[in-house]
Amino acid sequence: MKKYLRSLSIIINRNKYFTLFLLTILIIATGCDRGRNASAGKKEKGKIVAEVKGTYLYESDLIQLINKPISKEDSVQMVKDFIDQWIKEQLVFQKAMNNLSNEEKDKEKELQEYYKNLIIYEYENKLVRQKLDTTVSQEEIEQFYENNRSQFVLKKCMLQAIFLKVSKLAPDLDKVRKWYQSNKSEDIDLLHQYCIGNAALFNIDETKWYYYDELTSIMPIANYDCESLRKNQAIELSDSLNYYFISIHEVKPKGTFMPIDFARDLIENTILHQRKTELLKKTREGIYEEGIRKKHFKIYE
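Summarised in this report is the structure supplied together with it.

Criteria and cut-off values
Residues numbered from 1 in each chain as written. Predicted model: local features only at pLDDT ≥ 70, side-chain atom pairs only at ≥ 80, totals over all residues. Heavy atoms only, no water. Phe/Tyr/Trp six-rings, centres within 6.5 Å; stacked < 30°, edge-to-face > 60°. Buried < 20%, exposed > 50% of the residue type's maximum accessible area, 1.4 Å probe, protein only. Lys NZ or Arg CZ within 6 Å of the ring centre and 35° of its normal. Salt bridge = Lys/Arg side-chain N within 4 Å of Asp/Glu carboxyl O. Helix = DSSP H or I, 4+ residues; strand = E, 2+ residues; numbered from the N terminus. Disulfide = S-S within 2.5 Å.

### Structural notes on the packing of aromatic side chains
No. 1: Under the definition given, this model contains nine aromatic pairs.
No. 2: Taken together, a centroid distance of 6.2 Å and an interplanar angle of 40° make the contact between Tyr56 and Tyr58 tilted. In this structure, Tyr56 and Tyr58 share a single accessibility class: buried.
No. 3: Through a chain of ring-to-ring contacts, three or more aromatic side chains come together here, namely Phe144, Tyr145 and Phe152.
No. 4: Across from the ring centre of Tyr211, 4.6 Å away, lies the NZ or CZ of Lys156, which sits over that ring.

Written as structure tokens, this is what we have:
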């Protein structure tokens, strides 16, 4: 193997885009070479890289998997790791083959079923890519939301808030105290610029919704009851190193309805899933009806 890796190093040096995509299927595929004539394999696949009891791994099995930029050293190591893994898998496979009965090794039905399902899956995915309308209008989102409001009852409190964490040594803290409580767009812009250079973390998008426990995981407001917070409430907290500024813009208590903007992605995905299900259902029904018309099947009594 060392000799092979040295020769492989030369190949890699000539081609800086050498890499491997380690496919499990390769291990399965190469396992099928066991019954092949070794000399025929050499002619078809080139140099043999490794062999386990008559099963061969060829240089072409590695070269054909090159697809991404990677350094020479990393490529050589990846090849070595792959060969080692292939050998281990083959040893386990052959041990299993020697210790299972013919009945236990007979997987023909499972393979046929898997192949059938895989082909159907690929075909239906192709149909979906070709025929599914993926545009969801605002009107459709609003209609779905109104028709299914019971699905959007909040189990946890939500809120919109501007917040930031800054060091106690940060400059212009008095300006920050003014900006974060302001409703003026120019003040919010100034706060945004300030945060980029000074804040350890921040959110200046007042339209973004958070579950309360999400916010408490990054800002020290766990002692506040979410549902007691009010619109436009300003909170300033501190520890030994930092100040925390939070400006509450909206609160949605537990038991109220989820904001439609927050539910948008969920609604879009649900609508698209329904369309996909309906498309595939109609496709299967159409194929069955075509089979009846063209007498593609028979049922024997």
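### Description of the pattern of salt bridges
No. 1: Across all of its chains, the model carries twelve salt bridges by this definition.
No. 2: Of the charged contacts in the structure, one is a salt bridge between Glu113 and Lys116, with a shortest N-O distance of 3.2 Å. Highlighted residues: Glu113 and Lys116, both in helix 7 (residues 108–131), separated by three residues, approximately one helical turn.
No. 3: Take Glu113: its relative accessible area is 40%, and that puts it in the partly exposed class.
No. 4: Here the salt bridges do not stand alone but share partners, grouping Asp133, Glu140 and Arg275 into one network.

### Regarding the state of the cysteines
No. 1: This structure, assessed with the given rule, holds one disulfide.
No. 2: The disulfide bridge from Cys157 ends at Cys226, spanning 1.9 Å between sulfur atoms. Here the S-S torsion is close to -60°, and the disulfide linking Cys157 with Cys226 is therefore left-handed. In this pair, Cys157 is assigned in the loop between helix 8 (138–147) and strand 3 (158–167) and Cys226 in the loop between helix 11 (212–216) and strand 6 (234–238), connecting sequence segments 69 residues apart. An identical accessibility class is assigned to Cys157 and Cys226; each is buried.

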